[in-house]
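# Coordinates in review
These are the residues of each chain, in order.
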Amino acid sequence: MARVLAFANQKGGVAKTTSTINLAVAFKEQGLRVLAVDLDPQGNLTMSQGFNPDEITRSMFDVLIHRLPIEHVIHEVEVDLAVSSIDLAGAELALSATIGRERALEKALGAVKDRYDWILIDTPPSLGLLTINALVAADDVIVPVQCEYLSLRGLVQLENTLQMVRENLNPHVHIVGILPTMFDGRTLHAKEAIEILEENFGDLVFDTKIRKTIRFAEAPVKGSSVMKYDPSGKAAHAYRDLAKEVLNGAKAREHA
Ligand code: ADP
Ligand code: MG
């Protein structure tokens, strides 16, 4: 049965989408079966794999709202990808009036969980119903944070939401790690950001830091992950390191 890992941070531009696709591909390189789910109405993950979201007829919207089996919106690209479209922006409103509104994604994933080792979910920049659906479906959460604009208050808000989800909907969801992204080792500011994170969150901060590089902006334009666009570059290696760290953590918990 798949482990479900959600990327969450209500702040935009912290590398949720970038981390989802690149970790997904890094897992696949390890021989794991991976599904990535685009739960953001902006469809950046979907676009980054070469789709035009305006041309997508069936998306996660239909899965969540019309109970379309998720298989119908999964495309085989670098990894299996359940696509988003702009329709998804209406999902929060449409879901809000339904019974079991927080569990629509969990239900949908249930049908394919035995076909994958990992399911990675990219979420929108908010703590609304789509993100809640991701947290309810998830075992693990990775929180990418941008070293340049560290928002501790935002992280506290996210932890409060997670606590609420644990108390009411999914007792075992937890943060497996905080991922510093867009790290520029030449600046004092970036080093201070890491120090502040480690003071506040200790071991929860991944050893792997994702450095700032233009490769991450170039790759999606080519419709590919950095893993494929520049496979031997530092950026790809960083996500391979992250994959190892996540897999080791998962193994350690199994034996605990
Ligand atoms: P989010 O999904 O949290 O909004 P994205 O993954 O879309 O964030 O990243 C925001 C922008 O930053 C994108 O243009 C992306 O290409 C760029 N980016 C992501 N990671 C890095 C990095 N390590 N270095 C430089 N740019 C990055
Ligand atoms: Mg995004």
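Above this text sits the structure in question.
Report follows, based on the coordinates. Only a predicted model underlies this, so the values are computations on that prediction, with no experimental measurement involved.

The rules behind the values
Residues numbered from 1 in each chain as written. Chains lettered and ligands numbered in written order. Predicted model: local features only at pLDDT ≥ 70, side-chain atom pairs only at ≥ 80, totals over all residues. Heavy atoms only, no water. Near = heavy atom within 4 Å. Polar contact = N/O pair within 3.5 Å; in protein donor to acceptor, adjacent residues only side chain to side chain. Helix = DSSP H or I, 4+ residues; strand = E, 2+ residues; numbered from the N terminus. Nonpolar A, V, L, I, M, F, W, Y, C, P; charged D, E, K, R; others polar. Buried < 20%, exposed > 50% of the residue type's maximum accessible area, 1.4 Å probe, protein only. Expected span 1.5 Å × (residues − 1). Arc of directions from axis to C-beta. Contact = heavy atoms within 4.5 Å. Axes fitted to C-alpha atoms, helices over the stretch in contact; angles between N-to-C directions. Parallel < 35°, antiparallel > 145°, perpendicular 65-115°, else oblique. Left-handed = near helix turned anticlockwise from the far one by under 90°. Pairing = 2+ DSSP bridges. Phe/Tyr/Trp six-rings, centres within 6.5 Å; stacked < 30°, edge-to-face > 60°.

Let's shift gears to the site of ligand 1. In the vicinity of ligand 1 there are 14 residues, among which Gly13, Thr17, Thr18, Arg211 and Phe216 approach most closely. Measuring from an oxygen atom of ligand 1, one finds a backbone N or O atom of Gly13 at 2.7 Å. Contributing elements (two or more residues each) for the shell around ligand 1: α1 (16-29) and α9 (215-221). In terms of residues, the shell around ligand 1 owes the most to one element, α1, which gives 3 residues. Its residues assigned to classes, the shell around ligand 1 comprises 6 nonpolar, 5 polar and 3 charged.

Take the environment of Thr131 next. Checked against the element boundaries, Thr131 lands in helix α6 (residues 129-137). For Thr131, a relative accessible area of 2% translates into the label buried. For the pair formed by Thr131 and Leu39, sequence separation is 92 residues and the distance between their alpha carbons is 7.9 Å.

Our next topic: helix α8 (residues 188-201). Between its first and last C-alpha, α8 extends 20 Å over 14 residues, near the 20 Å set by a 1.5 Å rise per residue. Those residues of α8 that fall on the buried side of the exposure criterion are Ala190, Ala193, Ile194, Leu197 and Phe201. The buried side chains of α8 occupy one side of the element, clustering within an arc of 95° when seen end-on. Summarising the geometry of α8, the exposed residues directed more than 90 degrees from the buried face are Leu188 and Glu199. Packing partners of the buried residues in α8 comprise β6 (140-146), α7 (152-168) and β7 (174-181). At the exit of α8 stands Gly202, carrying a positive phi of roughly 50°.

Attention now moves to the packing of α6 against α7. The contact between α6 and α7 brings their axes to 10 Å, and the two run at 55°. Put simply, α6 runs oblique to α7. Regarding α6 and α7, the two cross each other, and that crossing is right-handed. Mapping the contact onto sequence places Ile132, Leu135 and Val136 in α6 and Thr161, Leu162, Met164 and Val165 in α7. Partitioning the contact of α6 with α7 into residue classes produces 6 nonpolar, 1 polar and no charged.

A regular strand places its side chains on the two faces of the sheet in alternate fashion. Burial runs high along strand β1 (residues 3-7): 4 of the 5 residues are buried. Pairing of β1 with strand β5 (residues 118-122), which is carried by 5 bridges, proceeds in the parallel orientation. In the sheet register, Leu5 faces β5, and the bridge partner there is Leu120. In terms of strand pairing, β1 meets β6 through 3 bridges, oriented parallel. Opposite Leu5, over in β6, you have Asp140 as the bridge partner.

Tallying each qualifying case throughout the model produces 2 aromatic pairs. Between Phe27 and Trp118, the aromatic rings sit 4.8 Å apart at their centres with planes inclined by 35°, giving tilted as the arrangement. Remark: Trp118 occurs in strand β5 and Phe27 occurs in helix α1; sequence separation between them is 91 residues. Overall, the relative accessible area of 0% leaves Phe27 in the buried class.

For Pro124, the position within the fold is in the loop between β5 and α6. On the accessibility criterion, Pro124 (6% relative accessible area) is buried. Sequence separation between Pro124 and Leu109 is 15 residues; the distance between their C-alpha atoms is 18 Å. Residues in contact with Pro124, not counting those within four places in the same chain, are Asn9, Lys16, Leu39, Asp40, Pro41, Leu130 and Thr131.

What follows concerns the packing of α7 against α8. Closest axis-to-axis distance for the α7/α8 pair is 12 Å, and the angle between their directions is 35°. Two packed elements cross with a definite hand, and for α7 against α8 that hand is right-handed. The segment α7 lies against α8, with Leu152, Leu155 and Glu159 engaging Ile196, Leu197, Asn200 and Phe201. Residue classes in the contact of α7 with α8 are distributed as 5 nonpolar, 1 polar and 1 charged.

Before going further, it helps to examine the pairing of β7. Most of β7 sits inside the fold, with 7 of its 8 residues counted as buried. Of the strand pairs in this sheet, β6 and β7 are connected by 7 bridges, and their pairing is parallel. Bridge pairing in β7 links Val143 to Ile178.

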